[in-house]
Amino acid sequence: MDFKSFIDQMTGRQASLPVQFLKYSLSGCVAVAVHALAFYLFSWLLVPALNEDDIVVRIFNLSVIAVNDVVRARNAFINNWLAFIFSNLAAYILNILWVFESGRHSRFVEIVMFYAVSAISIAVGSAVLWLLVRFIGASTTMAFVADIVAAAMVNFVVRKYVIFKG
């Protein structure tokens, strides 16, 4: 593939599978950034879920409310679902505008399916997050990364082959 073809695929609606996956991955990075920003803001300011040893707390020199691992696990779980609302909206918008072709289903069905698949993915990821914090005492950030990886593995295939036209 030459450079012009690559740029045309990156900026246009039609793309080969590798380029489409690249576009999906870049969109996913934006959605993960939205998710992480919301998650950490909620965990820091709204529903305390960070401890003093967390790398994000140390990097940004944040003041946090001390909570035990049981409360931190519950709060991280809650914050993950709150952040999901925002990140999934960003993912949907990027997916329909740049990655996939909408129209296999009505817009309502498409959105419901998109959120349902994402909800299943985040449910699995949130369970991983909760278990790692609650029973292993993992840092919130380490558990959050495991959650993101677990959720991302499912989403591309289902979105490509079930929800959108490909």
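Residues numbered from 1 in each chain as written. Predicted model: local features only at pLDDT ≥ 70, side-chain atom pairs only at ≥ 80, totals over all residues. Heavy atoms only, no water.

Scanning the protein for helices and strands turns up six helices and zero strands. Put simply, the protein runs from its N terminus to its C terminus through helices and strands in the order α-α-α-α-α-α. Here the C-alpha coordinates of the protein stretch approximately 50 × 35 × 25 Å along the principal axes. When burial is assessed residue by residue, the protein has 39% of its 166 residues classed as buried. Put simply, of all contacts in the protein between residues at least 6 apart along the chain, 71% involve residues at least 24 apart. Averaging the positions of the 12 positive and the 9 negative side-chain charges in the protein gives two centres separated by 8 Å. (Helix = DSSP H or I, 4+ residues; strand = E, 2+ residues; numbered from the N terminus. Buried < 20%, exposed > 50% of the residue type's maximum accessible area, 1.4 Å probe, protein only. Contact = heavy atoms within 4.5 Å. Lys, Arg positive; Asp, Glu negative; His and termini not counted. Charge placed at Lys NZ, Arg CZ, Asp CG, Glu CD.)

Let's shift gears to the nonpolar core. Judged by nonpolar contacts, the single largest core of 18 residues is most densely connected at Phe39, Tyr40, Leu50, Leu62, Leu129 and Phe144. Among the elements of the structure, helix H2 (17-46), helix H3 (55-60), helix H4 (69-99), helix H5 (107-136) and helix H6 (140-163) are those that each provide at least two residues to this core. In terms of residue count, the dominant contributor to this core is H2 (five residues). If we skip the residues at most four places from it in the chain, Leu62 touches Trp44, Leu50, Val56 and Val57. (Core = buried A, V, L, I, M, F, W, Y, C linked by side-chain atoms within 4.5 Å.)

Here the focus is the environment of Ala66. Here Ala66 shows up in the loop between H3 and H4. We classify Ala66 as exposed; its relative accessible area is 77%.

Attention shifts here to the environment of Leu37. With respect to the element layout, Leu37 can be found in helix H2. Residue Leu37 is classed as exposed on the basis of its relative accessible area of 56%.

This brings us to a nonpolar patch on the surface. Residues Phe77, Ile78, Trp130, Leu131, Phe135 and Ile136 make up a contiguous nonpolar surface patch of roughly 570 Å² in combined accessible area. Listing elements by their share of the nonpolar patch, those giving two or more residues are H4 and H5. With four residues, the single largest contributor to the nonpolar patch is H5. Structurally, Leu131 can be placed in helix H5. Classification of Leu131 by relative accessible area gives partly exposed; the value is 41%. (Patch = residues over 30% accessible without salt bridge, like charges linked within 9 Å, V, L, I, M, F, W, Y side chains within 5 Å. Areas by Shrake-Rupley, 256 points an atom, 1.4 Å probe, with all protein chains shown as cover. Salt bridge = Lys/Arg side-chain N within 4 Å of Asp/Glu carboxyl O.)

Turning next to the packing of H2 against H6. Remark: H2 packs on H6, axes separated minimally by 11 Å, with the N-to-C direction vectors making an angle of 140°. As judged from the angle between their axes, H2 and H6 are oblique. In terms of crossing hand, the pair formed by H2 and H6 is right-handed. On H6, the residues that touch Leu17, Gln20, Phe21, Tyr24, Val32, His35, Ala36, Phe39 and Tyr40 of H2 are Thr140, Thr141, Phe144, Asp147, Ile148, Asn155, Phe156, Arg159, Lys160 and Tyr161. (Axes fitted to C-alpha atoms, helices over the stretch in contact; angles between N-to-C directions. Parallel < 35°, antiparallel > 145°, perpendicular 65-115°, else oblique. Left-handed = near helix turned anticlockwise from the far one by under 90°.)

Under the criterion given, the structure shown has three salt bridges. As a salt-bridge pair, Asp8 and Lys4 come within 2.9 Å of each other at their nearest N and O atoms. With a gap of four residues between them, Asp8 and Lys4 both fall in helix H1 (residues 3-11), about one helical turn apart. Judged by its relative accessible area of 39%, Asp8 is partly exposed.

Geometry only, nothing functional implied.
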